[in-house]
Amino acid sequence: EEGKREQDLYDKFKCYCKTSGGDLDKSIADAEAKIENADAALKEKTERKAQLEAELKEHTASRDEAKATMKEATALREKDAAAFAKDKADLETNIAAITKAVAALEKGAGSAFLQTPAVSAVRTWAMERASLPDESRQELLSFLSGGSSDTYAPQSGEITGILKMMGDE
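## Here's the deal with the overall build of the chain
Thought 1: When helices and strands are counted, the chain shows five helices and zero strands.
Thought 2: The linear arrangement of helices and strands in the chain, starting from the amino end, is α-α-α-α-α.
Thought 3: Counting the 169 residues in the chain, one finds 18% classified as buried.
Thought 4: Put simply, 60% of the contacts in the chain that link residues at least 6 apart link residues at least 24 apart.

## Looking at the pattern of salt bridges
When the charged atoms of two side chains lie near each other, side chains of opposite charge can form a pair.
Thought 1: Considering all chains together, one arrives at three salt bridges under this definition.
Thought 2: The partner of K86 in a salt bridge is D90, with the nearest N and O atoms 3.3 Å apart. Within this pair, K86 and its partner D90 are both found in helix α1 (residues 2-106), separated by four residues, close to a single helical turn.
Thought 3: Between E92 and K88 there is a salt bridge, and its shortest N-O distance comes to 3.7 Å. With E92 and K88 both in helix α1 and four residues apart, this pair spans about one turn of that helix.
Thought 4: A relative accessible area of 47% means that E92 is categorised as partly exposed.

## A look at the nonpolar core
Thought 1: Grouped together as the largest cluster of nonpolar side chains are seven residues: A97, I98, V102, A118, A121, V122 and W125.
Thought 2: Breaking this core down by element, the ones donating at least two residues are α1 and α3 (118-128).

## Some thoughts on the environment of S142
Thought 1: If you trace the backbone, S142 turns up in helix α4 (residues 134-144).
Thought 2: Separated by 19 residues in the primary sequence, S142 and R123 place their C-alpha atoms 9.7 Å from one another.

Basis of the calculations
- Residues numbered from 1 in each chain as written.
- Predicted model: local features only at pLDDT ≥ 70, side-chain atom pairs only at ≥ 80, totals over all residues.
- Heavy atoms only, no water.
- Helix = DSSP H or I, 4+ residues; strand = E, 2+ residues; numbered from the N terminus.
- Buried < 20%, exposed > 50% of the residue type's maximum accessible area, 1.4 Å probe, protein only.
- Contact = heavy atoms within 4.5 Å.
- Salt bridge = Lys/Arg side-chain N within 4 Å of Asp/Glu carboxyl O.
- Core = buried A, V, L, I, M, F, W, Y, C linked by side-chain atoms within 4.5 Å.

Written out as structure tokens, the structure is:
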């Protein structure tokens, strides 16, 4: 009986080796395919990571360049704003001086106006900035210098007209 039992065990073991060998070969082939797939996926993901790192570096440089450009533009705008504020203040001062001059001349107080500080602002404006014909400029500067104050006739209104024209600029 022991021989029969050994024969049964031998037959079972032999059957197991025959049938499981095919399963084992199949599982080995499946595992090798999975390894190949995992290697390919790892390679693909490594390449994608390198690409993303390169893009990140490029975009970081681009962002830094944009920040520098914005900083330069902001500095330029601030400089322009300061220049504008200065010009605006100068123009407002000149407009006020011209307005005072016109009012004084229309009241017939031309010689009194020539004694005010506004004369210097009007004179500077007439010499440096006003776009006047040379003849009008000379006549106005002569009046403001007091050179023709003795002969000035308030009724003529020519100086007042020149000043109003300057104020309209």
